[in-house]
Protein chains: 6
Amino acid sequence: MKRLLITGAAGNLGKICREGLKGYADVLRLSDLAPMDPAGPNEEVVQCDLADRAAVHELTKDVDGIVHLGGISIEAAFDDLLQANLLGTYNLYEGARKNGKPRILFASSNHAIGFHKRTTKLDEASEQRPDSLYGVTKCYGEALASYYNDKFDVETVSLRIGSCFDKPRNRRMLSTWMSPRDFMSLIKAVFDAPMTGHLVMYGVSNNASKWWSNDHAAFLGWNPQDSSEQFRAEIEAASEAEYRHDPAVIYQGGPFASTGHFED
Amino acid sequence: MKRLLITGAAGNLGKICREGLKGYADVLRLSDLAPMDPAGPNEEVVQCDLADRAAVHELTKDVDGIVHLGGISIEAAFDDLLQANLLGTYNLYEGARKNGKPRILFASSNHAIGFHKRTTKLDEASEQRPDSLYGVTKCYGEALASYYNDKFDVETVSLRIGSCFDKPRNRRMLSTWMSPRDFMSLIKAVFDAPMTGHLVMYGVSNNASKWWSNDHAAFLGWNPQDSSEQFRAEIEAASEAEYRHDPAVIYQGGPFASTGHFED
Amino acid sequence: MKRLLITGAAGNLGKICREGLKGYADVLRLSDLAPMDPAGPNEEVVQCDLADRAAVHELTKDVDGIVHLGGISIEAAFDDLLQANLLGTYNLYEGARKNGKPRILFASSNHAIGFHKRTTKLDEASEQRPDSLYGVTKCYGEALASYYNDKFDVETVSLRIGSCFDKPRNRRMLSTWMSPRDFMSLIKAVFDAPMTGHLVMYGVSNNASKWWSNDHAAFLGWNPQDSSEQFRAEIEAASEAEYRHDPAVIYQGGPFASTGHFED
Amino acid sequence: MKRLLITGAAGNLGKICREGLKGYADVLRLSDLAPMDPAGPNEEVVQCDLADRAAVHELTKDVDGIVHLGGISIEAAFDDLLQANLLGTYNLYEGARKNGKPRILFASSNHAIGFHKRTTKLDEASEQRPDSLYGVTKCYGEALASYYNDKFDVETVSLRIGSCFDKPRNRRMLSTWMSPRDFMSLIKAVFDAPMTGHLVMYGVSNNASKWWSNDHAAFLGWNPQDSSEQFRAEIEAASEAEYRHDPAVIYQGGPFASTGHFED
Amino acid sequence: MKRLLITGAAGNLGKICREGLKGYADVLRLSDLAPMDPAGPNEEVVQCDLADRAAVHELTKDVDGIVHLGGISIEAAFDDLLQANLLGTYNLYEGARKNGKPRILFASSNHAIGFHKRTTKLDEASEQRPDSLYGVTKCYGEALASYYNDKFDVETVSLRIGSCFDKPRNRRMLSTWMSPRDFMSLIKAVFDAPMTGHLVMYGVSNNASKWWSNDHAAFLGWNPQDSSEQFRAEIEAASEAEYRHDPAVIYQGGPFASTGHFED
Amino acid sequence: MKRLLITGAAGNLGKICREGLKGYADVLRLSDLAPMDPAGPNEEVVQCDLADRAAVHELTKDVDGIVHLGGISIEAAFDDLLQANLLGTYNLYEGARKNGKPRILFASSNHAIGFHKRTTKLDEASEQRPDSLYGVTKCYGEALASYYNDKFDVETVSLRIGSCFDKPRNRRMLSTWMSPRDFMSLIKAVFDAPMTGHLVMYGVSNNASKWWSNDHAAFLGWNPQDSSEQFRAEIEAASEAEYRHDPAVIYQGGPFASTGHFED
């Protein structure tokens with residue numbers, strides 16, 4: 001791969017990718033609304049507002065793949081989500097369509113299905129049940145990706161990411177954790193595959209406790225190597241037991257499902 | 001029912017409802033961005049831009065049900081869809097949430113699933129495959145409805161409407177036609193039901209040729225009475241045969257699926 | 001058919017069968033713990049406690065079919081259900097096994113699945129979710145029927161009866177009503193069929209509002225002729241609207257699901 | 001339709017089609033290995049051995065559709081089936097491929113699925129379970145049709161025909177009967193449809209007792225009008241009851257399933 | 001966990017638990033109808049007849065969890081099963097309901113599904129097919145557990161135990177074996193989970209030959225560590241090959257499926 | 001096992017079996033149309049044309065199992081496939097039926113399902129979609145196997161073999177490769193199992209990239225030990241990237257799906 005665009009490069013996932021994908025492409029083009037560290041070797045740094053259509057069309061030129069992490073990644077005021085996640089994602093797909101149709105790894109979220117119970121095992125055919133306005137914007141993004149694939153042959157892997165940190169931070173993440181290493185190997189599997197169409201996947205490591213299945217995507221050959229289990233004792237020692245009548249414990253989305261409306 | 005709000009009242013479906021639901025509620029509150037005929041008996045007429053949050057919150061006060069037909073109902077420029085269908089629908093749901101949580105009949109569309117082939121029978125569990133940006137906004141509306149039901153107990157029937165006219169207008173509509181009479185009986189079934197949760201349905205009459213199943217919604221007791229079959233001879237005489245390699249014939253969305261990008 | 005045994009003949013369903021099956025068999029053998037009207041022509045009347053094994057073995061001699069309506073048909077104290085429905089049904093199956101293996105129509109109940117929501121469409125593969133101790137005894141009866149079929153080739157149709165009265169008596173019964181006429185035609189279809197194995201069915205007329213599917217049993221050729229719809233106006237006029245947060249409205253079992261423990 | 005080829009025109013189904021499809025196409029081309037009545041108006045009569053490749057390639061020229069009834073339609077010696085049904089059907093598809101790819105109605109048979117029990121409801125996704133060598137050749141024909149559709153865009157409706165006679169002839173046919181009238185309307189629906197791909201259907205009227213579902217093919221708009229029920233009394237009076245341990249009663253294929261090997 | 005009640009503590013599984021769960025709870029309360037070894041440190045020993053309601057209500061006081069192994073665990077006379085497994089299990093659930101609703105691990109059995117063929121892979125949605133009266137009582141127990149969860153929020157894991165011994169004892173157990181170690185880790189996973197609802201699982205180690213799937217229960221994070229494979233050579237050397245027409249080989253229940261009625 | 005017949009013993013798979021199954025049976029009977037190496041110890045070598053019925057009936061005498069690799073294993077002229085794969089396989093099954101009904105391992109092929117996309121995960125219930133005339137003959141073989149099992153109790157494992165070579169030879173084989181070692185262990189598992197009925201399986205190693213599931217066959221206890229992953233770097237270095245619009249890349253059958261008709 002010659003040039004890989006990473007949006008949202010100033011965020012948590014963006015930094016993981018900037019570090020972890022070094023050398024995977026000849027050039028990493030890094031973009032964010034926020035300031036980023038200056039470009040190192042084989043890097044391009046482009047500050048860009050995803051809501052600025054002309055800028056995004058420029059940003060997406062001459063790239064062979066896009067890791068779209070940009071936009072807002074937590075619950076937020078609707079008007080902010082509208083700009084960053086609804087308008088911004090549209091601008092990105094238009095850019096891709098007009099600029100050679102690079103494949104896209106779209107950072108969807110477990111919050112697109114967060115109102116399923118933890119006791120339910122999900123697969124790619126499970127109903128969307130967003131747990132937040134943020135989750136609704138991710139459902140929208142998946143629909144947009146489906147449309148661009150069906151009509152324009154712009155391929156996307158919509159990755160419903162669990163929790164990507166160095167290690168799980170609470171009991172819920174024992175089930176939702178994706179290690180940075182597994183995330184990196186997944187991104188490579190996605191861009192190395194001969195074809196993907198529009199594929200919905202769950203971004204999660206090989207944890208002992210599982211809510212989600214990627215069996216349908218086994219053609220990719222991605223087999224996560226890490227498990228949260230090594231952190232279980234530490235996390236359980238440091239936190240109180242979960243209460244089974246708490247919506248944050250009942251539903252997969254955790255606190256996103258139990259929290260009321262953002263603006264109230 | 002005391003007061004039923006109908007948005008999009010100046011449009012085709014809105015006029016059908018204004019006429020067909022006379023007497024169903026004590027008062028019909030009719031709303032549109034466009035001018036409407038003056039209020040008759042038992043009517044209130046409120047010109048309102050769905051993108052105006054304060055106005056929409058006012059509009060949704062003191063209503064016992066909402067038939068949400070408002071917004072743009074054909075393919076359009078994204079920036080227009082953003083205002084009318086993305087922002088507008090959010091404003092409507094926020095209004096409903098703050099104003100007593102009336103049940104909502106949301107006019108979704110077959111264009112939310114328009115990239116399925118005609119030879120595929122769909123049900124409520126079928127994957128969304130939007131055929132247009134317009135269709136994407138309907139997928140978004142369904143996700144929003146799911147969220148408001150799960151978190152706030154605002155119930156919605158998301159009705160994927162086929163083609164609602166006095167009679168079918170082309171060969172495709174022999175399969176997608178919903179008679180105004182069947183539409184009216186469906187709306188009544190929806191608001192008369194003790195509960196609906198978030199329910200996805202297909203808005204279609206009892207045509208001989210069927211692409212969609214409402215079996216899962218049989219608890220509503222809605223059984224459409226009309227069929228397009230009586231118009232078949234007339235339509236076939238007046239039109240050329242369909243060509244099986246035409247995307248507009250292959251896909252359920254018809255011309256929405258075969259047309260390129262709106263703005264190109 | 002030469003001789004058909006009807007247990008529970010003194011009850012509501014039993015009386016319907018005694019009247020409705022006149023002439024279907026050469027002899028109707030009628031049994032109940034309670035006193036019954038004296039035997040008419042082509043009838044045998046045998047008072048019998050289902051908990052009395054020897055008596056039941058006698059009762060089941062020389063019969064070509066059994067309509068097993070006996071036992072307790074409402075929520076009751078466990079110790080009473082134990083005798084009538086757990087022990088009694090076992091005695092009946094043992095009688096059948098030892099006496100030539102006549103086919104059995106077992107009156108199971110919608111209360112075997114009463115904790116499913118009304119918005120869920122059930123079929124024969126739906127999970128049992130009993131709503132009462134009574135419902136648990138019906139699940140047990142279905143398991144017993146499965147066992148006797150698999151091991152001893154005693155065939156059973158386990159009929160999850162909705163509400164069998166002259167007409168529906170409340171709003172819930174608009175969905176659960178089975179007319180006596182449809183019940184009789186079903187019994188005949190069951191005993192006329194060349195084979196049934198163990199077959200779970202729903203006992204319900206062709207109502208407009210449907211919660212249950214008998215598609216899997218279409219080989220029987222039973223097509224109910226009646227619908228509750230003719231009684232809708234009368235029932236709705238005579239009763240208050242249902243409240244959607246009432247467990248008796250949410251769940252299919254109605255008041256069985258909403259009522260606490262019998263003995264508290 | 002200008003010219004429709006009917007193979008097997010001298011057989012039972014062929015005669016029904018020759019009579020019933022008069023006027024549907026400008027010309028009916030009728031073919032069989034056996035002698036046929038001379039050509040009437042708008043008819044062409046061509047005696048042809050399906051095992052003769054060159055003759056079949058000639059036969060399939062200049063036709064807009066093919067109703068392929070030819071070959072052996074009962075259990076037979078393998079070597080005869082090899083010629084007529086394995087080689088013959090291949091020749092027919094090759095003819096179609098080389099001669100403009102007319103759509104084909106392939107007379108498959110319920111004997112392709114005859115080892116399913118009568119108590120099992122089948123649909124298009126049900127496993128093939130042939131009950132005879134004849135049935136195996138029909139499975140082969142369906143596989144061939146799938147291949148020609150996927151690779152060469154030769155469309156086929158593989159119709160698993162039940163029993164097509166003026167009226168049902170025995171108790172089994174109360175479930176398997178397809179009236180000649182319904183068969184004719186089905187053929188027309190197949191050739192009038194804009195597209196079919198490779199579609200597996202069951203050829204059966206709207207009988208009260210059903211083993212098979214065509215729900216997946218509802219896009220065709222075919223709704224059979226006849227039912228075997230009117231003949232039930234007559235047939236039951238004229239025949240003995242079925243014995244439930246008889247394989248001919250247990251399995252859908254009837255005597256085909258219970259009969260031993262043809263050549264023993 | 002402060003106090004864990006183990007019923008059936010004098011039996012095979014009970015002894016495994018008494019040993020294997022030492023230290024898991026502050027106190028193990030051990031109960032059986034039969035005499036048990038005297039209480040050691042952190043143990044309470046209570047001889048109790050499960051058919052004695054008052055005694056069971058006393059037994060279930062002040063416990064935080066129940067491992068319900070009590071009752072009869074092999075085929076037996078119905079009247080004995082009635083007391084121990086039908087009445088006894090009811091008494092236990094009533095005790096749990098009245099005494100703070102501790103979670104229950106219910107020892108169900110593979111004999112609840114023993115009439116499925118070995119060639120069929122089962123999951124939690126597979127139909128119950130009991131192979132014995134004993135198996136019927138386990139189906140009843142699962143129905144009771146479902147009821148107490150739905151109505152009273154008493155949670156249960158219904159564990160369909162295969163064969164729990166130090167090592168497999170015959171060829172069938174190569175597929176059904178659950179090691180004591182895996183059983184213990186499962187019990188801990190069940191009681192450590194924040195919630196379970198009513199969950200049906202299969203109690204089996206990670207054997208090479210598998211009949212059952214626990215995929216749906218992956219949220220528990222239980223991953224059995226043992227496999228019967230290490231014992232295969234030894235067992236095959238010591239036993240004759242299985243005969244494929246033997247019902248004990250055809251059906252999962254083994255000899256329970258092939259044996260006739262207990263009392264004959 | 002006393003005597004195992006291997007047909008097609010002169011071919012690639014046949015040689016692998018001849019070597020790999022040494023010692024598994026007392027005698028290996030090796031058969032092919034082509035010349036083979038002379039018989040070694042515990043071997044019988046029989047040159048035989050599968051199209052010669054009498055010879056095949058002789059060939060199948062006194063054998064306890066058959067590995068049927070014979071016939072044509074690539075796309076070929078139909079008339080050749082007719083003799084070798086249609087007639088030949090029939091002759092083999094007739095031989096088996098008349099000679100004691102040994103179990104058969106039938107070498108079916110991934111080309112029986114080759115027109116499924118690589119992005120689709122298949123299991124045993126997936127629709128047949130042959131990609132070649134060769135693939136059609138394999139569908140026929142599976143139907144024949146089903147028939148002989150249902151009617152005559154001749155058991156078969158229809159193994160849809162991927163690519164069985166010492167190592168994968170191209171990028172596609174990274175997904176389809178079955179190592180000779182895994183093939184041998186599978187054959188042993190098949191013949192050691194107490195029963196199989198007719199079982200469709202996929203013949204593939206434990207590769208990282210998976211298109212096919214054998215979960216339904218887990219009762220066999222076969223767990224492949226090899227993976228193509230060790231060869232990935234070598235293969236990718238030696239070959240060009242796959243082009244996603246190439247039918248040979250889109251479809252599982254690879255070049256079989258993309259190649260036109262054999263005889264054109």
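Predicted model, so just to flag it, every value in this text is computed and none were measured.

Chemist: Got a minute to help me understand the relation of the copies chain C and chain E in this structure?
Modeler: Two copies of the chain are present, and they differ by a rotation about an axis and a shift along that axis. Rotating chain C by 180 degrees and moving it 0.0 Å along the rotation axis overlays it on chain E with an RMSD of 0.0 Å. Taken together, the rotation and translation describe the operation of a two-fold axis. Taking C-alpha positions as reference, the residue of chain C nearest the rotation axis is Y140 of chain C, located at 2.5 Å.

Chemist: Any chance you could explain the interface of chain C and chain E here in plain terms?
Modeler: A common measure of how large an interface is: the accessible area buried when the components associate. Listed by partner, the interface residues are 36 residues for chain C and 36 residues for chain E. Here chain C meets chain E over a buried area of about 2900 Å², counting both sides, of which 58% is carbon and sulfur. The largest share of the area that chain C buries against chain E comes from Y147, D150 and K151 of chain C, three residues that together contribute 19% of it. Inspection of the chain C/chain E interface yields 4 salt bridges.

Chemist: Got a minute to help me understand the packing of helix α3 (residues 78–98) of chain C against helix α3 (residues 78–98) of chain E in this structure?
Modeler: Each pair of packed helices can be described by the angle between their axes along with the distance between the axes. Packing of α3 of chain C against α3 of chain E brings their axes to within 12 Å, and their N-to-C directions diverge by 145 degrees. Remark: the crossing between α3 of chain C and α3 of chain E carries right-handed chirality. Here α3 of chain C contributes F78, D79, L82, L86, L87 and Y90 of chain C to the contact with α3 of chain E, which in turn contributes F78, D79, L82, L86, L87 and Y90 of chain E. Its residues placed into classes, the contact of α3 of chain C with α3 of chain E shows 10 nonpolar, no polar and 2 charged.

Chemist: Help me understand the relation of the copies chain C and chain B, please; the structure alone is not making it clear to me.
Modeler: Between the two copies, chain C and chain B, the superposition gives an RMSD of 0.0 Å; the rotation angle is 120 degrees and the shift along the axis is 0.0 Å. Taken together, the rotation angle and the small translation identify this as a three-fold axis. The position closest to the rotation axis in chain C is occupied by the C-alpha of D215 of chain C, lying 6.7 Å away.

Chemist: Which parts of the structure should I look at to understand the pairing of strand β2 (residues 27–32) of chain E?
Modeler: Successive residues of a regular strand alternate their side chains across the two faces of the sheet. All names here are of chain E. β2 sits mainly inside the fold: 6 of its 6 residues count as buried. Of the two faces of β2, the one holding V27, R29 and S31 and the one holding L28, L30 and D32 are both buried throughout. Between strand β1 (residues 3–7) and its parallel partner β2, the chain crosses via helix α1 (residues 12–20), and the hand of that crossover is right-handed. In terms of strand pairing, β2 meets strand β3 (residues 43–47) through 5 bridges, oriented parallel. Counted as the bridge partner of S31 is V46 from β3.

Chemist: Just checking my understanding: could you explain a negative patch on the surface for this structure?
Modeler: Taken together, the side chains of D123, E124 and D215 of chain A, E127 of chain B, E127 of chain C, E127 of chain D, D123, E124 and D215 of chain E together with D123, E124 and D215 of chain F make up a negatively charged region of the molecular surface. The topology assignment puts E124 of chain A in the loop between β5 (103–109) and α4 (133–152). The exposure class assigned to E124 of chain A is partly exposed, which follows from its relative accessible area of 36%.

Chemist: What is the right way to look at the interface of chain C and chain B in this model?
Modeler: With 12 residues of chain C at the interface, the matching set in chain B holds 13 residues. Between chain C and chain B, the buried area comes to about 1100 Å², and carbon and sulfur atoms account for 53% of it. Contact with chain B buries surface across chain C, with T119, K121 and R244 of chain C losing the most and accounting together for 53% of the total. Where chain C meets chain B, there are 2 salt bridges.

Chemist: What's the story with the pattern of salt bridges in this structure? I'm lost.
Modeler: Pairing between side chains becomes possible if they bear opposite charge and their charged atoms approach one another. Residue and element names in this part refer to chain C. What the rule picks out here adds up to 102 salt bridges over all chains. Here R232 and E236 are joined by a salt bridge, their closest N and O atoms 3.1 Å apart. Of the two residues, R232 and E236 both sit in helix α7 (residues 232–237), 4 residues apart, roughly one turn of that helix. Here R232 falls in the partly exposed class, since its relative accessible area comes to 23%.

Chemist: Explain the nonpolar core here, please?
Modeler: In summary, soluble globular proteins display a tendency toward joint burial of nonpolar side chains. Core analysis: the largest hydrophobic core is formed by 66 residues, its most contacted members being Y140 of chain C together with Y140 and Y148 of chain E. Put simply, the parts of the chain that give this core at least two residues each are α2 (53–59), α3, β5 (103–109) and α4 (133–152) of chain C together with α2 (53–59), α3, β5 (103–109) and α4 (133–152) of chain E.

Chemist: Please clarify how the side chain of R172 of chain A should be interpreted in this entry.
Modeler: All names here are of chain A. Its location among the elements puts R172 in the loop between β6 (156–161) and α5 (173–176). It turns out R172 is buried and unbridged, and the closest side chain with the opposite charge, D131, is 6.1 Å from it. Engagement of the side chain of R172 in a polar contact is seen with the side chain of N110, the distance being 3.0 Å. A polar side-chain atom of R172 sits 2.8 Å from the main-chain carbonyl oxygen of Q252. Leaving out residues up to four positions away in the same chain, R172 has contacts with N110, H111, R118, S163, W211, E242, Q252, G253, G254 and P255.

Chemist: It is not clear to me how the sheet that holds strand β2 (residues 27–32) of chain D should be interpreted in this structure. Could you clarify?
Modeler: Two orientations exist for strands paired in a sheet by backbone hydrogen bonds: parallel and antiparallel. All names here are of chain D. Taken together, the 7 strands give an open sheet; going across it, the order is β3-β2-β1-β4-β5-β6-β7, and neighbouring strands pair in parallel fashion. Of all the strands in the sheet, the pair left with one neighbour each is β3 (43–47) and β7 (198–203). Across this sheet, the average inter-strand angle for adjacent strands is 20 degrees, counted without regard to direction. Summarising the sheet, strand β6 (residues 156–161) and β7 pair through 6 bridges and their orientation is parallel. Within β7, the position partnered with T156 by the bridge is H198. Taken strand by strand, helix α3 (residues 78–98) contacts β1 (3–7), β4 (65–68), β5 (103–109) and β6, and its axis lies near 165 degrees from that of β5. Packed onto the sheet, helix α6 (residues 180–192) meets β1, β4, β5, β6 and β7 and runs at close to 140 degrees relative to β5.

Chemist: Would you take a moment to explain the sheet that holds strand β6 (residues 156–161) of chain C for this structure?
Modeler: Residue and element names in this part refer to chain C. Read across the sheet, 7 strands follow the order β3-β2-β1-β4-β5-β6-β7 without closing on themselves; strand pairing throughout is parallel. The strands lining the two open edges of the sheet, one partner per strand, are β3 (43–47) and β7 (198–203). Here the average twist between neighbouring strands, direction ignored, is 20 degrees. For β5 and β6, the ladder comprises 6 bridges, and the chain directions are parallel. Among the inter-strand pairings, I104 is bridged to a residue of β6, identified as T156. On top of the sheet, helix α1 (residues 12–20) reaches β1 (3–7), β2 (27–32), β3, β4 (65–68) and β6; it is set at about 165 degrees to β2, its chief contact. The sheet strands contacting α4 are β5, β6 and β7, and the helix crosses β5 at an angle near 155 degrees.

So, how was this worked out
- Residues numbered from 1 in each chain as written.
- Chains lettered and ligands numbered in written order.
- Predicted model: local features only at pLDDT ≥ 70, side-chain atom pairs only at ≥ 80, totals over all residues.
- Heavy atoms only, no water.
- Least-squares fit on C-alpha atoms with pLDDT ≥ 70 in both.
- Contact = heavy atoms within 4.5 Å.
- Buried area = accessible area lost by both parts, 1.4 Å probe.
- Salt bridge = Lys/Arg side-chain N within 4 Å of Asp/Glu carboxyl O.
- Axes fitted to C-alpha atoms, helices over the stretch in contact; angles between N-to-C directions.
- Helix = DSSP H or I, 4+ residues; strand = E, 2+ residues; numbered from the N terminus.
- Left-handed = near helix turned anticlockwise from the far one by under 90°.
- Nonpolar A, V, L, I, M, F, W, Y, C, P; charged D, E, K, R; others polar.
- Buried < 20%, exposed > 50% of the residue type's maximum accessible area, 1.4 Å probe, protein only.
- Right-handed = clockwise from strand over helix to strand, strands pointing away.
- Pairing = 2+ DSSP bridges.
- Patch = residues over 30% accessible without salt bridge, like charges linked within 9 Å, V, L, I, M, F, W, Y side chains within 5 Å.
- Areas by Shrake-Rupley, 256 points an atom, 1.4 Å probe, with all protein chains shown as cover.
- Lys, Arg positive; Asp, Glu negative; His and termini not counted.
- Charge placed at Lys NZ, Arg CZ, Asp CG, Glu CD.
- Core = buried A, V, L, I, M, F, W, Y, C linked by side-chain atoms within 4.5 Å.
- Polar contact = N/O pair within 3.5 Å; in protein donor to acceptor, adjacent residues only side chain to side chain.

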